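Examining the three-dimensional arrangement
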Amino acid sequence: MSAMTSHAEFGVLQQIFADVANDMRRDPLEHLLILTYEFDDQQLANLLAGRRLADHVELRRNQLKFIADMHPVVIYDARKTREFNQLPHFLDLLPVNPGAYRCHHSKAYLFVTRAAVRLVIGSFNLTRTGLFENREVFVDFMWSDKENADLDVLREFSGLLRDGYERWAQPAAASARVAIADTLDARVARWQPNALPGKRTLVHSGYVSSAGQNGLSRLTALWRSVSSTAPRKMLVVSPFFDRGDAWLADELAEAVGVPAELQIVTDEARISKLGHRHYGPQVDGQIRKLNLIPALIDGRERERIARSNDGARLDGLEIRRDLHAKILVLCSGSHYLVYTGSANFTLRAWLGGNQELGVAVIEDGSADTLIAQIIAAVGATVDNAYARLRDVPDDTEAGDEDDDYVEHIAYPDFIDSIVLEPEPNGTGLVFRFHTAEPVRLQEYDIAWGRVHLTVEEMRSIPVPRDQAYMPLQGGRNLEFTPHALRDKKYLLPFVHDAELTRQRDLLFFPSAEDWMRYYLQPASPAGYGEGESLPGMHEANDEADSPTDDRAANVVVAMQRYLNLFACVEAAFHDRADEIAAEQFVDAAGRARECEKRFMEPLRVYARLLEQEYKRTSGPVAEQVYLFRLGELILLCRTLGTMVPELADLANEFAPGFATPQPSTNLATYMKFVKERALHD
Amino acid sequence: MKFSEYTVTGKQDQSIDPLGLTQPFSALRNRLYAQFTVLSNAPAYHGALALIYHVLAARKTTPEHDGFARRFREAECLWGLANVAAGQSVLNITKYHTVLEGRDSVSLHDIGRGNAIYRSLAYGTLGHYSNPSAAWGFLDRRAVRLTPLGTRLADAFAARGRQSLRVAIERWLDGHAVTRTELEELGEAYSIDSAPSSAEQLAWHDAVSAWCARAPATSGLWTDPPGSSELRARYVDADQYRSLFPYLADRYPRLGETFLQAGRFETMSAVCLFLFEREYLLCHDAGTAIPAAGPLETELTAQLTQIAVDYLAQDGRQDTKKLFAELAGARDHTAATAIIVRHHVAHQKGKGALPYFEHGELRVRDRFDRQRFTELHMELNGLASAKDQLALLTYRFRRDWHFDRAQRYVRYFGGKA
């Protein structure tokens, strides 16, 4: 890892995401994976499209295509499924349902670009409050050919991704998750020979089912590598604490010993949720401290916020910042261990079934400076408020805990996964349900938006495509209404099967011209904000009353326009051929994959689009236009085949469609030319 | 370990444009103030931009060369750090603060090639001000080279303080360190809030004169700009706001038609957005929470149709896929809303985005706030006349026509504001 951060710096979270987007032209994004408890549609859509996370914008077709090609994966807590109306298709939403009184609470953001891997692990969910408002904490890793310390963190993370989610594996969606793990493993193998030793370690909980393998045991083992005695001092920063009559502090004392000094930092507004018992067993001489974060931020913090927002005026802006960071510091005097991550100071987080993820680092020396910095960074007062606590908290009712479990009666958790796929031998779409209790599907009304689904033998009756929520945004969930409880509605997302994923471009591009325009101006999120431009950069102008609209209705003008566009497409694909010829690939298979992705898939889609357009029209002119367009495509493929050997047979793939029983003289001449020039037996 | 900083996220909804009104609006606004973007707030950036272009051109680096934006940012860093050292706010202030933190002196070498300051090259002086500078005539039309006027501005800006900023930037680019005290001194003289020199003001006056010669119809906006108190008074409430465009049309006869057109456009777009929002919420809530169309909608549509007829009778009208043209012929409320919804669907699909709803079926949830809409609806129903209702709607959906921005510029170059 590049040691990108020291202690207690401030960072604007969206800058990390903007950095990746800004660098996209030079270093394209290949994979994106998010682990979160919950997320907001808009923030995820912005992240996927390389937009600023605070933007409130719509995804355009090019962005949807870009996202679909990248095939991102979002793993989140199943019970936090929302309608996701702004989310695109061909993005894997993988809900994790760990069972009662548990949740998927890990928060990690992984960006795999062609040259680097960036991983952010912290306390923040991909929500508006998590990104912009709360007091959150995170650790940022980057690995590349030049930066390869802490490679074990990446290796462990890859293992977690591959094996830790196997229990909730959805066969149709596993490929994207596993493909990411494969990529990470390949990168680790590449960087390992020159890797520098690192100090950081992943600390996770809830992923391994064997007894004793939890976050606390991992933390204890790390502490034992530092000291064989109890910590001299322990700092806990947490917004949430145990409710009930069992306490993490007791378990911690059992595991690592009772710290001589225990200091807790939390929001003043939550003081009623905290009591003496949260400090563990009472031991003579132990020093106990409580630092509270006032509800209102002070003038100094307002100034800092104004500065960090490029001088934004905060007049009249009510700024509310809830603590959401989770930090644990254990000090021996000569060393200290710092945990940063998703785990609250609760049994459920460290010993329970929650999936939690964090990073621990062991440093030499005294932690006093660090602790002072942390207290200042979260805006806590230095006064000790321990005396304000009761023995046990007086408010043990369920509150607003971020990992709170709410029981949903009749929640359809008997369904393992739902897959959307093309209708076999038909043109519609079908949902396939994977469950060990298929009969229970009949206990629910199931709807896809306003389309009611009839389910037989774990498959829905085909939905006509013109009624489908495809291919743009929204309609990412099925709604389940239990017959017995009509006022309850539960949402479950689905994934797309491989065949539908392969057909995605046919859904994205309404016409061959749309396809051409995409390949002439592909989505490459550059992170430019509204009104920003660099000299020489031309913004696409997407909305104008153009005087050329009427001219395009003329068939000659339209064909001329088509030819102009196609000439540009030819040039763009020639450039691609030059690029791939210059690139170095690890093996022939890698090169073949890239050829498939960059040439074969798009050009096959283009041929299908031409055919679809032809079928929608009729008459001899339509046939001539179709054959002419297909002929030009065949000629292009022929040229590409001479530049890239893997494409040598591509032109022949389109030969069957390049035929007509009674061509006119001119058409016959043209077809003869194409066949002689580009097609071979 | 890093802590997250609070992010101010206001003003983000401008990008949502369900009816494609932004483009005709921008075209109309450009007839008044073509020199501005929504981001070109502080005129001092133009001086810094011109100076950096000048310094880099002397080093044979122009936008035609690869890496210009990066080199520009390297030079801009010194000016940014000087602003921060002097306690001034400047674009990328946080990153400059980080660079400066804990240092008594800093050099370009200290910043390092991978520093965050280099990551968003479009976010800064070059990205925000090169196009406006070209519009003012400080750069050529392609924003590649300084014009003679731009060179004058660069020279004038460089010589504000005791220490030449040009010399400081050149030394900075050559790798010399600059102390915090030197940065503070530079910041005192050259920050975005520091007073311009008389030579700069003269360059600005000439830029304005050249602009007025190129676009004589708008010269009044610069030679006799709308007074701030008159403008402020008209922005107080809906009742006052309705007099804004007639007042401006009267004050600037050569722009009279444009201002009347702008006023009509603003009213039409406000009514269209209101009616569209209503149709959306009807679909969103399946009609349960939104009052049925009544006299208010009927009256608004009638007014909309009439304004569209008047608007289309003017030369130089701006439309969006013939929306206003079709509305001018709408028979009634039902027809008008059908036109608006059809237009929305075409517009959204045209840009490759999802329609909010189509064929009565909701596609995107939570685009508008039902409670806010209902309150506005009730407020409109409580008004005595259709004219008052139009005034309120227009006021609520008013747009930024750059009047405030222009005033800041006029004050900067010592004009009458």
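**A few points about the overall build of chain A**
The secondary structure content of chain A amounts to 20 helices and 23 strands. Counting all 681 residues of chain A, 56% fall into the buried class. Accessible area for chain A stands at about 28,800 Å²; split by element, carbon and sulfur atoms hold 50% of it.

**As for the overall build of chain B**
Scanning chain B for helices and strands turns up 21 helices and five strands. Expressed along its principal axes, the backbone C-alpha trace of chain B runs to roughly 70 × 55 × 35 Å. Expressed as a percentage of the 417 residues in chain B, the buried residues total 59%. Across chain B, every contact between residues at least 6 apart in sequence was considered, and the portion connecting residues at least 24 apart equals 72%. Approximately 16,800 Å² of chain B is accessible, and the part contributed by carbon and sulfur atoms is 50%.

**Observations concerning the pattern of salt bridges**
Residues and elements named next belong to chain B. Applying the stated criterion to the full structure yields 57 salt bridges over all chains. Among the ionic pairs, Arg162 bridges to Glu185, the shortest N-O distance being 3.6 Å. Residue Arg162 is found in the loop between α7 (148–158) and α8 (165–173), and its partner Glu185 is found in helix α9 (residues 180–190); the two are separated by 23 residues along the sequence. What makes Glu185 partly exposed here is its relative accessible area of 40%.

**What about the sheet that holds strand β21 (residues 477–482) of chain A?**
Residue and element names in this part refer to chain A. Spatially, β18-β17-β21-β22 is the arrangement adopted by the four strands of the open sheet, whose pairing is antiparallel. The sheet is open, and its two borders are formed by β18 (451–453) and β22 (490–493), each paired with just one other strand. On average, each strand axis in the sheet is tilted by 35° relative to the strand beside it, whichever way the strands run. Bridging between β21 and β22 involves four bridges; their strand directions are antiparallel. By the bridge assignment, Glu479 is partnered in β22 with Leu491.

**So, unusual backbone geometry**
One non-glycine residue, Asn425 of chain A, lies in the positive phi region at around 60°. Within the fold, Asn425 of chain A resides in the loop between β15 (415–422) and β16 (429–435). Take Asn425 of chain A: its relative accessible area is 86%, and that puts it in the exposed class. Not every positive phi belongs to a glycine, and Lys321 of chain B is a case in point at roughly 45°. As for its placement among the helices and strands, Lys321 of chain B is situated in the loop between α16 (295–312) and α17 (323–328).

**Regarding the sheet that holds strand β3 (residues 73–77) of chain A**
Spatially, the eight strands line up as an open sheet ordered β1(A)-β1(B)-β7(A)-β6(A)-β5(A)-β2(A)-β3(A)-β4(A), and their pairing is mixed. Lying at the two open borders of the sheet, with one neighbouring strand each, are β1 (9–11) and β4 (92–96) of chain A. Shown here is a sheet whose adjacent strand axes are inclined to one another by a mean of 20°, direction ignored. Direction of pairing for β3 of chain A relative to β4 of chain A: parallel, over a ladder of five bridges. In the strand pairing of β4 of chain A, Val74 of chain A is matched with Leu93 of chain A.

**Considerations on α16 of chain B**
Since the α-helix advances by 3.6 residues per turn, residues separated by three or four positions end up pointing in the same direction. All names here are of chain B. With 18 residues, α16 should cover 26 Å at 1.5 Å per step; its first-to-last C-alpha distance of 26 Å lies within 8% of that length. Buried within α16 are the following residues: Leu296, Glu297, Leu300, Thr301, Gln303, Leu304, Thr305, Ile307, Ala308, Tyr311 and Leu312. Where the residues of α16 are buried, they touch α1 (22–32), α15 (256–284), α17, α18 (333–350), α19 (370–381) and α20 (386–396).

**A short note on the nonpolar core**
Nonpolar side chains in soluble globular proteins tend to end up buried together. Counting residues in each nonpolar core, the largest one holds 138 residues, and the members touching the most others are Ile111, Leu165, Trp172, Trp222, Phe259 and Phe274 of chain B. Here this core takes 14 residues from α15 of chain B, the largest share from any one element. Residue contacts for Trp172 of chain B: discarding those within four places in its chain leaves Glu74, Ala75, Cys77, Leu78, Leu81, Val106, Ser107, Leu108, Ile111 and Val178 of chain B. By size, the runner-up hydrophobic cluster in this structure holds 104 residues, among which are Ala68, Phe132, Phe138 and Leu506 of chain A.

**Topic: empty space enclosed by the protein**
Residue and element names in this part refer to chain A. If you walk through the whole model with that rule in mind, you get six cavities of 30 Å³ or more. Its volume calculated, the largest cavity comes out at about 70 Å³. Along its surface, the largest cavity is lined by eleven residues, and Phe17, Ala21, Leu47, Gly50 and Phe111 are the ones closest to its centre. When residues of the lining of the largest cavity are traced back to their parent elements, those giving at least two are α1 (13–22) and α2 (41–49). In terms of residues, the lining of the largest cavity owes the most to one element, α1, which gives three residues. Considering only residue class, the lining of the largest cavity consists of nine nonpolar, one polar and one charged.

**Focus: the confidence of the model for chain B**
Averaged over every residue, the pLDDT of chain B is 90; the share at 70 or more is 96%. Both scores are available for the predicted complex, with the pTM at 0.73 and the ipTM at 0.81.

**Describing the side chain of His31 of chain A**
Residues and elements named next belong to chain A. Tracing the backbone through its elements, the reader meets His31 in strand β2 (residues 29–35). Its relative accessible area of 16% is what places His31 among the buried residues. Sequence-distant contacts of His31, that is, excluding residues within four places in its chain, are made with Met70, Leu110, Phe111, Val112, Ala179, Ile180 and Thr183.

Scoring rules and cut-offs
- Residues numbered from 1 in each chain as written.
- Chains lettered and ligands numbered in written order.
- Predicted model: local features only at pLDDT ≥ 70, side-chain atom pairs only at ≥ 80, totals over all residues.
- Heavy atoms only, no water.
- Helix = DSSP H or I, 4+ residues; strand = E, 2+ residues; numbered from the N terminus.
- Buried < 20%, exposed > 50% of the residue type's maximum accessible area, 1.4 Å probe, protein only.
- Areas by Shrake-Rupley, 256 points an atom, 1.4 Å probe, with all protein chains shown as cover.
- Contact = heavy atoms within 4.5 Å.
- Salt bridge = Lys/Arg side-chain N within 4 Å of Asp/Glu carboxyl O.
- Pairing = 2+ DSSP bridges.
- Axes fitted to C-alpha atoms, helices over the stretch in contact; angles between N-to-C directions.
- Expected span 1.5 Å × (residues − 1).
- Core = buried A, V, L, I, M, F, W, Y, C linked by side-chain atoms within 4.5 Å.
- 1 Å grid on protein atoms, 1.4 Å probe; cavity = no way out; pocket = protein on both sides within 12 Å on 5 of 7 lines; lining within 4 Å.
- Points joined across faces, edges and corners; volume = space filled by probe spheres on them.
- Nonpolar A, V, L, I, M, F, W, Y, C, P; charged D, E, K, R; others polar.
- pLDDT = per-residue confidence, 0-100.

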